[in-house]
Amino acid sequence: MYIGNVDLEGLHHLVYEVVDNSIDEAMAGHCDKISVVIHSDMSVTVEDNGRGIPVDMHETEHIPACEVVMTKLHAGGKFDKDAYKVSGGLHGVGISVVNALSDRLEMVVCKNGSIHRQTYSKGEKVTELEIIGHTDNTGTKITFFPDFEVMNKNEFVYETLSRRMRELAFLNKGVRITIEDERSMEKDDFCYEGGIISFVEYLNRSVTPLHDPIYVSGEKRDVQLEVAIQYNDSFSEKLYSFANNIRTIEGGFHVSGLKGALTRTVNSYITSGSGNLPKNMQNIKISGDDMREGLSVVISVKLMEPQFEGQTKTKLGNNEVKGIVKKNHCQGSGCGKGKGCGKKGQGTCKKKRHITGFIPSGETGRMPVCRPGRKGIISGGGR
């Protein structure tokens, strides 16, 4: 099942699939505005100001290219590396599956100076592609009404969809995403110039951050990496991982690479003797559990050929990403979270780890920051 299930999760996934096409346009640098509207009749409209789905005649199918995209599996632009270097689509089936699971769907494309329109029902063409007007704008608008003979749930949850739109705005800095619910008149407008730095600050909005966010970025073998890290005074871990803007709830090699690099980096700093640590503290071994207490982190990788486990893409399976994440994590740097500071020190003593005095009392606990030319680029702040 390409949408996971036919319950509430699957219903929301229909919206995600359409929005992901707009996000692909944004990642390619052709779109900076996306709007989502939940109508009172339970239909949904997703509109962007991208290039618009191609409307020219398809060379082999001999029908408009947009009709091929809407009705044929494995026909999306994800197979054309010139169209999308990086995309969330894996098999090019998303929008055609949404079409198949919609009682009715309307596609409006602004392209080549004209407004093109075509309608569908349950995956089948209802009307021919027609020109209904002229415009200087470009973009695509998809309005679909889910087929509730197939879908078990018939009520979108605004909070769930809004949360996902916020995530996408964080992950694509500068892209404005609006979402509106005509049923309740709720509306949100998301746009974050700080990107994932703003994301990690948002995660820590209800706790006390211990330092400015640490930002890591790098690119190797066509894999783009971004990591934002900020510790807080709580004991819980908040880890959000993404691959091509897709939330990898079950993690993957990018997450395992990050966790290993973070622990190794701090232990290397402790044993190097280059910091302000007392000599009796230089033999301490920090475990992965220690490192993840009070940790808020967002990791986002973008790659040309993602290997997800399952069409709903909850786990990234690209083994090579693990090494890239490790190598881009700067050695000899970290957040400087003090295991013996305040309540955190009390907690670790209770756990009998006997790790105290990691950061001298009164210091901010910020470790050295890597500069360009060393492994990776890390900077504090950058809001």
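Structure first, text after, so check above.
Residues numbered from 1 in each chain as written. Predicted model: local features only at pLDDT ≥ 70, side-chain atom pairs only at ≥ 80, totals over all residues. Heavy atoms only, no water.

**Student:** Help me out: how do you make sense of the overall build of the chain in this one?
**Tutor:** On a plain count of helices and strands, the chain comes out with nine helices and 15 strands. Across the 383 residues that make up the chain, the buried fraction comes to 52%. Taking all contacts inside the chain whose residues are at least 6 apart in sequence as the whole, residues at least 24 apart take part in 67%. (Helix = DSSP H or I, 4+ residues; strand = E, 2+ residues; numbered from the N terminus. Buried < 20%, exposed > 50% of the residue type's maximum accessible area, 1.4 Å probe, protein only. Contact = heavy atoms within 4.5 Å.)

**Student:** Help me understand the packing of aromatic side chains in this model?
**Tutor:** Two aromatic rings are characterised by how far apart their centres lie and by the angle between their planes. Taken as a whole and judged by the stated rule, the model has six aromatic pairs. Summarising the aromatic geometry, the rings of Phe170 and Tyr192 are spaced 3.9 Å apart at their centres and angled 20 degrees between planes, so their arrangement reads as stacked. Within this pair, whereas Phe170 is found in helix H4 (residues 158-171), its partner Tyr192 is found in the loop between strand E9 (186-190) and helix H5 (196-203), the two being separated by 22 residues in sequence. Grouping residues by exposure puts Phe170 and Tyr192 together as buried. Judged by its relative accessible area of 2%, Phe170 is buried. Site record: aromatic cluster; members linked through ring pairs are Phe170, Tyr192, Phe199, Tyr202, Tyr240 and Phe242. One Lys or Arg, Arg104, reaches over the ring of Phe145 and ends 4.4 Å from the middle of that ring. Over the ring of Tyr202 we find Arg205; its NZ or CZ atom is 3.9 Å from the centre of that ring. (Phe/Tyr/Trp six-rings, centres within 6.5 Å; stacked < 30°, edge-to-face > 60°. Lys NZ or Arg CZ within 6 Å of the ring centre and 35° of its normal.)

**Student:** Got a minute to help me understand the pattern of salt bridges in this structure?
**Tutor:** Side chains that differ in sign of charge can pair as their charged atoms come close. Applying the stated criterion to the full structure yields 17 salt bridges. Taking the shortest distance from any N to any O, the salt bridge between Arg164 and Glu167 comes out at 3.2 Å. In this pair, Arg164 and Glu167 are both assigned in helix H4, three residues apart and thus about one turn of the helix distant. On the basis of relative accessibility, which here comes to 10%, the residue Arg164 falls in the buried class. (Salt bridge = Lys/Arg side-chain N within 4 Å of Asp/Glu carboxyl O.)

**Student:** Looking at this structure, I do not really get the side chain of His39. What am I missing?
**Tutor:** Secondary-structure assignment places His39 in the loop between strand E1 (33-38) and strand E2 (44-48). With a relative accessible area of 19%, His39 lands in the buried category. Excluding residues that lie within four positions of it along the chain, His39 makes contacts with Val44, Thr45, Glu182 and Arg183.

**Student:** How should I be thinking about the nonpolar core in this particular structure?
**Tutor:** Here is a general trend for soluble globular proteins: nonpolar side chains tend to be buried in one another's company. Among the nonpolar cores identified, the biggest contains 56 residues, and Met107, Phe144 and Met165 are the most heavily contacted of them. Among the elements that take part in this core, helix H1 (residues 8-27) stands out by supplying eight residues, more than any other. Other than its neighbours up to four places away in sequence, Met165 contacts Tyr16, Val19, Val36, Ile177, Ile179 and Phe190. The next biggest cluster of nonpolar side chains, apart from the first, holds 22 residues, and it includes Ile214, Ile229, Ile270 and Val297. (Core = buried A, V, L, I, M, F, W, Y, C linked by side-chain atoms within 4.5 Å.)

**Student:** What's the story with the side chain of Asn232 in this structure? I'm lost.
**Tutor:** Tracing the backbone shows Asn232 in the loop between strand E11 (223-231) and strand E12 (238-243). Among the polar contacts made by the side chain of Asn232, one reaches the side chain of Asn204 at a distance of 2.8 Å. Side chain to side chain, Asn232 and Ser234 meet in a polar contact 2.4 Å long. Sequence-distant contacts of Asn232, that is, excluding residues within four places in its chain, are made with Asn204, Val207, Thr208, Pro209, Leu210, Gly294 and Ser296. (Polar contact = N/O pair within 3.5 Å; in protein donor to acceptor, adjacent residues only side chain to side chain.)

**Student:** Quick question: what am I supposed to make of H4 here?
**Tutor:** In an α-helix, one turn spans 3.6 residues, which is why side chains three or four residues apart end up on the same side. A rise of 1.5 Å per residue sets the reference length of H4, with its 14 residues, at 20 Å; its end C-alpha atoms lie 20 Å apart and thus fit the reference within 8%. Where burial is concerned, most of H4 is hidden: 11 out of the 14 residues are buried. Every buried residue of H4 is accounted for by Tyr158, Leu161, Ser162, Arg164, Met165, Arg166, Glu167, Leu168, Ala169, Phe170 and Leu171. (Expected span 1.5 Å × (residues − 1).)

**Student:** How should I be thinking about unusual backbone geometry in this particular structure?
**Tutor:** Glycine aside, residues mostly have negative phi, and peptide bonds are mostly found in the trans state. With a phi angle near 65 degrees, Met185 is a residue other than glycine that sits in the positive phi range. Looking at the element boundaries, Met185 is found in the loop between strand E8 (176-181) and E9. Owing to a relative accessible area of 63%, Met185 belongs among the exposed residues under this scheme. Despite not being glycine, Asp222 shows a phi value in the positive range, around 65 degrees. Relative to the helices and strands, Asp222 is located in the loop between strand E10 (214-220) and E11.

**Student:** What should I look at first to understand H1 in this one?
**Tutor:** When the terminal C-alpha atoms of H1 are compared, their 28 Å separation across 20 residues agrees well with the 28 Å that a helix rising 1.5 Å per residue should span. Counting buried positions along H1 yields 16 of 20 residues, so the element is predominantly enclosed. Gly29, located one to two residues past H1, shows a positive phi value of around 85 degrees.

**Student:** Teacher, can you tell me more about the packing of H4 against H5 here?
**Tutor:** Close contact between H4 and H5 brings their axes to 7 Å; oriented N to C, the two are set at 135 degrees. It follows from the interaxial angle that H4 and H5 lie oblique. Here Arg166, Glu167, Phe170 and Leu171 of H4 come into contact with H5, specifically with Ile196, Ser198, Phe199 and Tyr202. The class makeup of the residues in the contact of H4 with H5 is five nonpolar, one polar and two charged. (Axes fitted to C-alpha atoms, helices over the stretch in contact; angles between N-to-C directions. Parallel < 35°, antiparallel > 145°, perpendicular 65-115°, else oblique. Nonpolar A, V, L, I, M, F, W, Y, C, P; charged D, E, K, R; others polar.)

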